[in-house]
Amino acid sequence: MAEIQIKNVAKTFGAYQALHDINLTIQDQEFMVLLGASGCGKTTLLRIVAGLETATTGEVWIGGRRIDHLPPKDRGIAMVFQNYAVFPHLTVFENIGFGLRMQKLPNDEVKRRVERTAELMHIEQLLKRYSGELSGGQRQRVAVARALAMEPDVILMDEPLSNLDALLRMEMRAELKGVLAESNTTAIYVTHDQVEAMSMADRISVMHQGKIVQAASPIEVYRNPAAEFVAGFIGNPPMNFLPATPSGNGKWTVGGQDMNGPVSSETLKFAIRPEDLRPSETGLKATAKVVEPLGAHLLVTCDVEGALFRAVLDSDMTVKPGDVLTLAPQTDRVRWFNPETTLAVA
Amino acid sequence: MTSVTTDVAAPDARKAGKFVYVTAVVLLCAWVLVPIYFLLINTLSSPDTVNSFPKPFWPEFDLGSLTFFAGFAGMLTALKNSILVAGMTMIMSIVIGAPAGYALSRFDFRGKELFRLLILLTRAFPLPLLALPLAVMFIQTGLDDTVFGLALVHTTLAIPFAVLITFSLFSGIPIELEEAAWTLGCTRLTAFTKVVLPLILPGITASAIFAFVISWNEVFAAAVLTIENRTLTAFLLQNLDTSPLHLKFAGGFILVVPALIFIFAVRKYLFAMWGIANR
């Protein structure tokens, strides 16, 4: 059992506050992704859990044991680094067995576990090589195997795939997900790549300016972003926003059209994902500016009353720049945000 | 038309540039190599040839001057002292310098930049100014005329280089390697001995050899602070003054050659000291 509890963790670097009062509980065997742009504090949070950084205030618990005062080696964690950190003076075998040797396990046990994890990561033919003789992808596999061989309660990964090329990244993504699901460890995975986050995570914590904005399942984060930041960060292309003026009783004027929405007298923002728009008889009047055929679909960048607006349409449609489209938003997918608090309005 | 003229002009400029470059390289090499060459010729020549002109292009391989030195009274003691002092300097400057280099590369602390500057400034302070107070202090503490006392002075001379070289070596090792070792069950100390040390050992060796050479070549402090226990440099300085020319050459030769060989062996790490990538 390795439930991770992060309680009121804050971190300041001099005058700069990197993390504000973070509270997060990660279930046993859960795959939690910390997602955010660079500088949002996600790596700092991971390093605090790892023990490579000390929190200014707050507590970290793993499996019911408070660990924030312990050195990394006593926390029951293993970590995979962005630049792999494969020891250049040791063979792949000795790299994977490094932690086991530190635990003073007998030779045959080390050999058994190294060979098993090497097989799991498909690097059993590389065991005699040095890191200088490996490709980036192979080094990545060694780094993961080294962490897995420890059979840790918790595995921490800091952008492990970001140094790989796109194709390899996709392959490793699926493989890593499978291997980790089998290993029964709790995982924290830091990335800035929303596709990685969406495809791998049990739960995503979206971070922004040292705070967790939303922690929820990938589909929840995608469908019901808790804040404007999440809506604009997740999804490619991101959500569209239009100013909405209330006309009373849950009626709204958006882009010159009447819409139904929440009952409120304040000005709100209307939001809709580009793929939730359909060409229709009635709807938003959008002037096409740029048309990008992407094969699977058509990405049209338009202008709705001066605001940038994107629509993902069927690739069979013929749209030319300058065309005026009438786009109807799928009513159950429309979301509303308060521009002052930037939070979602139910 | 313009494209044609530039096409013609460019190779000319490149040729001229190359000529300047080659000339500079040749001149610099000659600056260093010609004296060493004459040293070699004169060392391996008989006394008559040394005093004659012109010199032969090839040395005669007359080992007379060198054999004379081998049998010269006090010579072997001086050699032993030199090796002892240089060896101690080597060990002390690494033991003191390497932790400083590690601290500079791994930790942020107040006055770090000032510390780096001060390390360099110790080299700007002229030794002759220090010689008298040092001699007085050494006599008071009983360190005068001892191998250890001289090694202390040489260590202060070698430390700046030891710090700078090891700083650059440690900086070349990603901190993630150490962090990975910590997460894999190492303490700070075991991570250092199992990961960092094996990686920088060649560089540390080079830095140690460089400290050895600094001590080996140092003559001023050696001449001031020792009387009985002279090092080779001080010993030769004292005796060669009154020696015939061919012995001066031979003495110079025995001093220069070990230093040259050592420096040649560690040259790529000396580049590293100034931040030029060597890997």
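Conventions and cut-offs
Residues numbered from 1 in each chain as written. Chains lettered and ligands numbered in written order. Predicted model: local features only at pLDDT ≥ 70, side-chain atom pairs only at ≥ 80, totals over all residues. Heavy atoms only, no water. Helix = DSSP H or I, 4+ residues; strand = E, 2+ residues; numbered from the N terminus. Buried < 20%, exposed > 50% of the residue type's maximum accessible area, 1.4 Å probe, protein only. Contact = heavy atoms within 4.5 Å. Areas by Shrake-Rupley, 256 points an atom, 1.4 Å probe, with all protein chains shown as cover. Lys, Arg positive; Asp, Glu negative; His and termini not counted. Charge placed at Lys NZ, Arg CZ, Asp CG, Glu CD. Phe/Tyr/Trp six-rings, centres within 6.5 Å; stacked < 30°, edge-to-face > 60°. Domains from an automatic or database assignment. Buried area = accessible area lost by both parts, 1.4 Å probe. Salt bridge = Lys/Arg side-chain N within 4 Å of Asp/Glu carboxyl O. Polar contact = N/O pair within 3.5 Å; in protein donor to acceptor, adjacent residues only side chain to side chain. Nonpolar A, V, L, I, M, F, W, Y, C, P; charged D, E, K, R; others polar. Patch = residues over 30% accessible without salt bridge, like charges linked within 9 Å, V, L, I, M, F, W, Y side chains within 5 Å. Core = buried A, V, L, I, M, F, W, Y, C linked by side-chain atoms within 4.5 Å. Expected span 1.5 Å × (residues − 1). Bend = angle between axes of the 7 residues up to and from the residue. Pairing = 2+ DSSP bridges. Axes fitted to C-alpha atoms, helices over the stretch in contact; angles between N-to-C directions. Parallel < 35°, antiparallel > 145°, perpendicular 65-115°, else oblique. Left-handed = near helix turned anticlockwise from the far one by under 90°.

**Observations concerning the overall build of chain A**
At step 1: The helix and strand tally for chain A stands at nine helices and 20 strands.
At step 2: Judged by the C-alpha coordinates and their principal axes, chain A covers about 75 × 45 × 35 Å.
At step 3: For chain A, buried positions account for 49% of its 346 residues.
At step 4: Contacts in chain A between residues far apart in sequence, at least 24 positions, make up 63% of those at least 6 positions apart.
At step 5: Approximately 15500 Å² of chain A is accessible, and the part contributed by carbon and sulfur atoms is 50%.
At step 6: Chain A carries 35 positive and 41 negative side-chain charges, and their two centres are separated by 4 Å.

**Considerations on the environment of Asn184 of chain A**
At step 1: Mapping Asn184 of chain A onto the fold places it in the loop between helix 6 (166-183) and strand 8 (186-191).
At step 2: Taking the C-alpha atoms as reference points, Asn184 of chain A and Gln29 of chain A, 155 residues apart in sequence, are found 5.5 Å from one another.

**Regarding the packing of aromatic side chains**
All names here are of chain B.
At step 1: According to the stated counting rule, one finds 15 aromatic pairs over all chains in the structure shown.
At step 2: Ring geometry for Tyr102 versus Phe107: centroids 6.1 Å apart, planes at 75 degrees, classification edge-to-face.
At step 3: Since its relative accessible area comes to 13%, Tyr102 is described here as buried.
At step 4: Summarising the aromatic geometry, the rings of Tyr102 and Phe170 are spaced 5.1 Å apart at their centres and angled 90 degrees between planes, so their arrangement reads as edge-to-face. Here Tyr102, found in helix 4 (residues 75-106), pairs with Phe170, found in helix 7 (residues 147-171); they are 68 residues apart in sequence, far enough to count as distant.

**Comments concerning the domain arrangement of chain B**
It is common to report an interface's size as the accessible area lost on association of the parts.
Residues and elements named next belong to chain B.
At step 1: Domain boundaries in chain B define domain 1 (2-43) and domain 2 (69-273).
At step 2: Between the C-alpha centres of domain 1 and domain 2 there is a distance of 35 Å.
At step 3: With five residues of domain 1 in contact, the opposing surface of domain 2 contributes six residues.
At step 4: A combined buried area of about 540 Å² lies between domain 1 and domain 2, and 86% of that area is made up of carbon and sulfur atoms.
At step 5: On the domain 1 side of the contact with domain 2, Leu39, Asn42 and Thr43 bury the most area, a combined 75% of that side's loss.
At step 6: Counting across the interface, domain 1 meets domain 2 through zero salt bridges.
At step 7: Inspection of the domain 1/domain 2 interface yields one residue pair in polar contact (both at pLDDT 80 or more).
At step 8: By residue class, the composition of the side of domain 1 that touches domain 2 is three nonpolar, two polar and no charged.

**Some thoughts on a nonpolar patch on the surface**
At step 1: The grouping of Tyr21, Val22, Val25 and Val26 of chain B at the surface amounts to a nonpolar patch, some 370 Å² of accessible area in total.
At step 2: Take Val22 of chain B: it is sitting in helix 1 (residues 2-43).

**Focus: the nonpolar core**
At step 1: Formed by 122 residues in total, the largest nonpolar core has its most connected members in Phe87, Ile96, Phe98, Ile123 and Leu156 of chain A.
At step 2: The element best represented in this core is helix 7 of chain B, accounting for eleven residues.
At step 3: Among all residues touching Phe87 of chain A, those that are not within four sequence positions of it are Asn95, Phe98, Ser131 and Arg146 of chain A together with Leu177, Ala180, Ala181, Leu184 and Val195 of chain B.
At step 4: Core analysis: the next-biggest nonpolar cluster, separate from the first, contains 24 residues, Leu242, Val254, Met259 and Val300 of chain A among them.

**So, helix 9 (residues 188-217) of chain B**
At step 1: Over its 30 residues, helix 9 of chain B extends only 37 Å from the first C-alpha to the last, a length that falls short of the 44 Å expected when each residue adds 1.5 Å.
At step 2: Along its length, helix 9 of chain B shows its largest kink, about 55 degrees, at Leu197 of chain B, and proline Pro198 of chain B lies within four residues downstream of that point.

**Description of the interface of chain B and chain A**
At step 1: Contacts between chain B and chain A engage 17 residues on the former and 18 residues on the latter.
At step 2: Between chain B and chain A lies a buried interface of about 1600 Å² when both sides are counted; carbon and sulfur atoms form 77% of it.
At step 3: A per-residue breakdown of the area chain B buries against chain A is headed by Glu179, Thr183 and Leu184 of chain B, which together make up 40% of the total.
At step 4: For the interface between chain B and chain A, the tally reads four residue pairs in polar contact (both at pLDDT 80 or more).

**Description of the sheet that holds strand 9 (residues 203-208) of chain A**
Residue and element names in this part refer to chain A.
At step 1: Read across the open sheet, the six strands follow the order 6-7-8-3-9-10; overall the sheet is mixed. This sheet does not close on itself; its edge strands, each paired only once, are strand 6 (77-80) and strand 10 (211-216). On average, each strand axis in the sheet is tilted by 20 degrees relative to the strand beside it, whichever way the strands run.
At step 2: Bridge count for strand 3 (residues 31-35) against strand 8 is five bridges, and the pairing is parallel.

**Some thoughts on the pairing of strand 7 (residues 154-158) of chain A**
Residues in a regular strand project their side chains so that they alternate between the two faces of the sheet.
Residues and elements named next belong to chain A.
At step 1: Of all five residues in strand 7, five are buried; the element is thus mostly enclosed.
At step 2: Judged by which residues are buried, strand 7 turns out to be covered on both faces: Val154, Leu156 and Asp158 on one side and Ile155 and Met157 on the other are all buried.
At step 3: Note: strand 6 against strand 7, four bridges, orientation parallel. Within strand 7, the residue paired with Val80 across the bridge is Met157.

**Digging into the packing of helix 9 of chain B against helix 12 (residues 245-265) of chain B**
Residues and elements named next belong to chain B.
At step 1: Two elements in contact, helix 9 and helix 12, have axes whose closest approach is 9 Å; the angle formed by their N-to-C orientations is 165 degrees. It follows from the interaxial angle that helix 9 and helix 12 lie roughly antiparallel. Our pair here, helix 9 against helix 12, has a crossing hand that is left-handed. Counting all contacts with helix 9, which are made through Ile209, Phe210, Phe212, Val213, Trp216 and Asn217, the residues of helix 12 involved are Ile254, Leu255, Pro258, Ala259, Phe262 and Ile263.
At step 2: When grouped by side-chain class, the residues that make up the contact of helix 9 with helix 12 number eleven nonpolar, one polar and no charged.

**Examining the environment of Arg106 of chain B**
All names here are of chain B.
At step 1: Mapped onto the elements, Arg106 comes out in helix 4.
At step 2: Since its relative accessible area comes to 16%, Arg106 is described here as buried.
At step 3: For Arg106 and Ala13, which are 93 residues apart along the polypeptide, the C-alpha to C-alpha distance reads 46 Å.
At step 4: Engagement of the side chain of Arg106 in a polar contact is seen with the backbone oxygen of Phe170, the distance being 3.3 Å.
At step 5: In this structure the side chain of Arg106 is engaged in a polar contact, spanning 2.7 Å, whose partner is the backbone oxygen of Ile173.

**A look at the domain arrangement of chain A**
Residues and elements named next belong to chain A.
At step 1: Here chain A is partitioned into domain 1 (4-233) and domain 2 (240-345).
At step 2: If you average the C-alpha positions of domain 1 and of domain 2, the two centres end up 38 Å apart.
At step 3: With ten residues of domain 1 at the interface, the matching set in domain 2 holds 13 residues.
At step 4: Each partner contributes to the roughly 970 Å² buried at the junction of domain 1 and domain 2, and carbon and sulfur atoms together form 44% of this total.
At step 5: Of all residues in domain 1, Tyr222, Arg223 and Glu228 bury the most surface against domain 2, accounting for 60% of the area lost on that side.

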